[in-house]
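Breakdown of the fold
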Amino acid sequence: MNRTDRLYAIVEELRARAPRSLRASDLAERFEVSARTIERDVLALQEAGVPIWSQRGPRGGYALDPKRTLPPLNLTAEEAVALATALAASGPMPFADAARSARLKLAAVMATTEATQAEALADRIRIAERPENDNRIMKLIEDGVVRRVVLDLDYEDRNGIPTQRAVEAHGLFSSWNGWYLIGWCRMRDGARMFRLDRIRDAILTDEPIPERDVDEVLDVPYPVLIPSLVE
């Protein structure tokens, strides 16, 4: 069992036992790993937002907090797998860490039968690995869009020429060939889209950007990839 599968399984074990607790040693024996590994796994789940509380002592252990968990979701196994598959098949994407933590939370609140069926169905799906974007740069782009500030980009344009740009981070666009930052380029004094895999480095500034509707930035009534706007 790989770590991702074990994380889902730990959540399911704790959810089935809630509000009673399970000791790290019991979970370690169940998954045939060390207690220290279980402690690291639980910490990762807690950092992802899964409401697990711990209690020290002979009768201590880990448990899902029933006051903070949602009631079981009425998702079918097919619906749950469709969501997970869509995320995985999209390849490297903005807010990937948030998507992974959302999947863990989803597993924590699914009804037991559907969760078991979803796990069995997911075991029969294979998705080819895709090259990863630089996680540090991706996080800076995400922060720029969330905080609505200017990003200083080291960018390689479509002709392979390196440039430096001050770009207002207004939004994100997904197309068949990748993800783009929707920005207002200060150098071009106009709307441009920047392929995320061509961004070689980025600096997050504290300069706020003016309010602009994304479609108005692109000057189109709906999201569309316009070749003339792609740098």
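Everything discussed here concerns the structure shown above.
Residues numbered from 1 in each chain as written. Predicted model: local features only at pLDDT ≥ 70, side-chain atom pairs only at ≥ 80, totals over all residues. Heavy atoms only, no water.

**What to know about the packing of helix α1 (residues 3-17) against helix α3 (residues 35-47)**
Close contact between α1 and α3 brings their axes to 10 Å; oriented N to C, the two are set at 80 degrees. It follows that α1 is roughly perpendicular to α3 by the angle criterion. In this structure, α1 contributes Arg3, Arg6, Leu7, Ile10 and Val11 to the contact, and α3 contributes Thr37, Ile38, Arg40, Asp41, Ala44 and Leu45. (Axes fitted to C-alpha atoms, helices over the stretch in contact; angles between N-to-C directions. Helix = DSSP H or I, 4+ residues; strand = E, 2+ residues; numbered from the N terminus. Parallel < 35°, antiparallel > 145°, perpendicular 65-115°, else oblique. Contact = heavy atoms within 4.5 Å.)

**Side note on the pairing of strand β5 (residues 178-185)**
Counting buried positions along β5 gives 6 out of 8 residues, so the element sits mostly inside the fold. Sheet topology places strand β4 (residues 162-175) next to β5; 8 bridges connect them, and they run antiparallel. Note that in β5 the partner of Leu172 across the bridge is Leu181. Where β4 hands over to β5, the hairpin turn is made up of 2 residues, counted between the paired strands. Summarising the sheet, β5 and strand β6 (residues 190-195) pair through 6 bridges and their orientation is antiparallel. (Buried < 20%, exposed > 50% of the residue type's maximum accessible area, 1.4 Å probe, protein only. Pairing = 2+ DSSP bridges.)

**Section: unusual backbone geometry**
Most of the time, phi is negative for any residue but glycine, and the peptide bond is trans. The backbone of Glu32 shows a phi angle near 60 degrees, a positive value even though the residue is not glycine. Take Glu32: it is sitting in the loop between α2 (24-31) and α3. Its relative accessible area of 75% is what places Glu32 among the exposed residues. Phi is positive for Asp189, close to 55 degrees, though the residue is something other than glycine. Residue position: Asp189 is located in the loop between β5 and β6.

**Side note on the sheet that holds strand β7 (residues 199-208)**
Taken together, the 5 strands give an open sheet; going across it, the order is β6-β5-β4-β3-β7, and neighbouring strands pair in antiparallel fashion. The sheet is open, and its two edges are formed by β6 and β7, each paired on a single side. Going across the sheet, the axis of each strand differs from the next one's by a mean of 45 degrees, ignoring polarity. Along the sheet, helix α7 (residues 135-147) contacts β3 (149-156), β4, β5 and β7; its crossing angle with β7, the most-contacted strand, is approximately 30 degrees.

**Some details on the environment of Leu14**
Turning to its location among the elements, Leu14 is positioned in helix α1. Along the sequence, Leu14 and Tyr62 sit 48 residues apart, while their C-alpha atoms lie 7.5 Å from each other. Setting aside residues up to four positions removed in sequence, Leu14 forms contacts with Leu22, Leu27, Ile52, Tyr62, Ala63 and Leu64.

**Looking at the nonpolar core**
One finds Leu14, Leu27, Ile38, Leu45, Ile52 and Tyr62 to be the most contacted residues of the largest nonpolar core, which totals 17 residues. If you tally residues by element for this core, the top one is α1, at 5 residues. Ignoring sequence-local partners within four residues, the contact set of Ile38 consists of Ile10, Ala24, Leu27, Ala28, Phe31, Val33 and Tyr62. Of all hydrophobic cores here, the second largest spans 16 residues; its members include Met138, Val145, Tyr155 and Ile199. (Core = buried A, V, L, I, M, F, W, Y, C linked by side-chain atoms within 4.5 Å.)

**What to know about the pattern of salt bridges**
One pass over the structure, following the stated rule, counts 12 salt bridges. The salt bridge involving Asp206 is made with Arg147; its shortest N-O contact spans 3.1 Å. On the criterion of sequence distance, the pair formed by Asp206 in strand β7 and Arg147 in helix α7 is long-range, its members being 59 residues apart. Residue Asp206 is classed as exposed on the basis of its relative accessible area, which comes to 65%. Note on Arg147: relative accessible area 43%, which makes it partly exposed. Arg148 is the partner of Glu211 in a salt bridge, and the nearest nitrogen-oxygen pair spans 3.4 Å. Placement of Glu211 in the loop between β7 and α8 (214-218) and of Arg148 in the loop between α7 and β3 is noted, with a sequence separation of 63 residues between them. In this structure Arg148 comes out as partly exposed when scored by relative accessible area, which is 24%. A single salt-bridge network, built from bridges that share partners, covers Glu168, Arg186 and Glu207. (Salt bridge = Lys/Arg side-chain N within 4 Å of Asp/Glu carboxyl O.)

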